[in-house]
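Secondary and tertiary structure notes
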Amino acid sequence: MKKRKVLIVVSLVVLLTIVFVGCRHRETYSLLYGEEKIKSISIVNIILNDDGEVMQKELCSVADINGFMKKFREVDCYIYFGDPTGVSEEGVSADVIKIVYENGEYELINWNGQAECTDEKGFQYYCGFSVFDENEFKALILEYT
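1. Brief notes about the overall build of the protein
Helix and strand counts for the protein stand at three helices and nine strands. Reading the helices (α) and strands (β) of the protein from amino to carboxyl end gives α-β-β-β-α-β-β-β-β-β-β-α. Looking at the protein as a whole, 34% of its 145 residues are labelled buried. Taking all contacts inside the protein whose residues are at least 6 apart in sequence as the whole, residues at least 24 apart take part in 67%.

If you want it as structure tokens, here you go:
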């Protein structure tokens, strides 16, 4: 009888761990500011160097902001319930979306994390709680590069 209770408790703990570790909820990505405040969108290649600096190289500029945003909104997005994720791992290069707003602030968006640069907080590398469908996001990037 005691072994059965232990087995039930262990099973519940394992089940709850699996459920809460992988929790995500379908959402619409929340931009830093509204779409009407967007000044420019570009695809940039970024890498976090050994000194913790994000190096950015513009690959292309998006001419049709409204058209791009329509396609961007179609990419499945989920809220990740865990620690915030960065736009790329240290030393790993990634092609990401850079959205610059009228006030000069910007955000970098990757399929698995985000970063932002604001006057108030400066550059924040680990600020994202959104995760996009990897294949859909990468297809969007490829369409514009």
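So much for the structure itself; the text now carries on.
2. Examining the pairing of strand E2 (residues 38-48)
Summarising the sheet, E2 and strand E5 (residues 94-101) pair through eight bridges and their orientation is antiparallel. Bridged to isoleucine 38 within E5 is tyrosine 101. Sheet topology note: the E2/strand E3 (residues 54-62) ladder contains eight bridges and is antiparallel. Among the inter-strand pairings, asparagine 45 is bridged to a residue of E3, identified as lysine 57. Counting the residues in the hairpin turn of E2 and E3 gives five residues, including glycine 52, whose phi is positive at 85 degrees.

3. Overview of the nonpolar core
Ile41, Phe68, Met69, Phe72, Ile97 and Ile99 are the most contacted members of the largest nonpolar core, which has 21 residues in total. When contributions to this core are tallied by element, the ones reaching two or more residues are E2, E3, helix H2 (65-74), E5 and helix H3 (134-144). Here this core gets four residues from one element, more than from any other, and that element is H2. Not counting chain neighbours up to four residues away, the residues in contact with isoleucine 41 comprise Ser61, Val62, Ile65, Phe68, Met69, Ile97, Lys98 and Ile99.

4. So, H2
Burial in H2 covers these residues: Ile65, Phe68, Met69 and Phe72. With its buried residues spanning 95 degrees around the axis, H2 presents them on a single face. Away from its buried face, by an angle of more than 90 degrees, H2 presents the exposed residues Asn66, Lys70 and Glu74. If you follow the buried residues of H2, they end up packed against E2, E3, E5, strand E6 (106-110), strand E9 (130-132) and H3.

5. Some thoughts on the pattern of salt bridges
Within this structure, the stated rule accounts for four salt bridges. Note that arginine 73 and glutamate 35 form a salt bridge whose closest N and O atoms lie 3.2 Å from each other. Remark: glutamate 35 occurs in the loop between strand E1 (24-27) and E2 and arginine 73 occurs in helix H2; sequence separation between them is 38 residues. Glutamate 35 gets classed as partly exposed once you look at its relative accessible area, which sits at 35%. Note that glutamate 143 is salt-bridged to lysine 71, the shortest N-O span being 2.2 Å. With glutamate 143 in helix H3 and lysine 71 in helix H2, this pair connects stretches of sequence that are 72 residues apart. On the accessibility criterion, glutamate 143 (46% relative accessible area) is partly exposed.

Parameters at a glance
Residues numbered from 1 in each chain as written. Predicted model: local features only at pLDDT ≥ 70, side-chain atom pairs only at ≥ 80, totals over all residues. Heavy atoms only, no water. Helix = DSSP H or I, 4+ residues; strand = E, 2+ residues; numbered from the N terminus. Buried < 20%, exposed > 50% of the residue type's maximum accessible area, 1.4 Å probe, protein only. Contact = heavy atoms within 4.5 Å. Pairing = 2+ DSSP bridges. Core = buried A, V, L, I, M, F, W, Y, C linked by side-chain atoms within 4.5 Å. Arc of directions from axis to C-beta. Salt bridge = Lys/Arg side-chain N within 4 Å of Asp/Glu carboxyl O.

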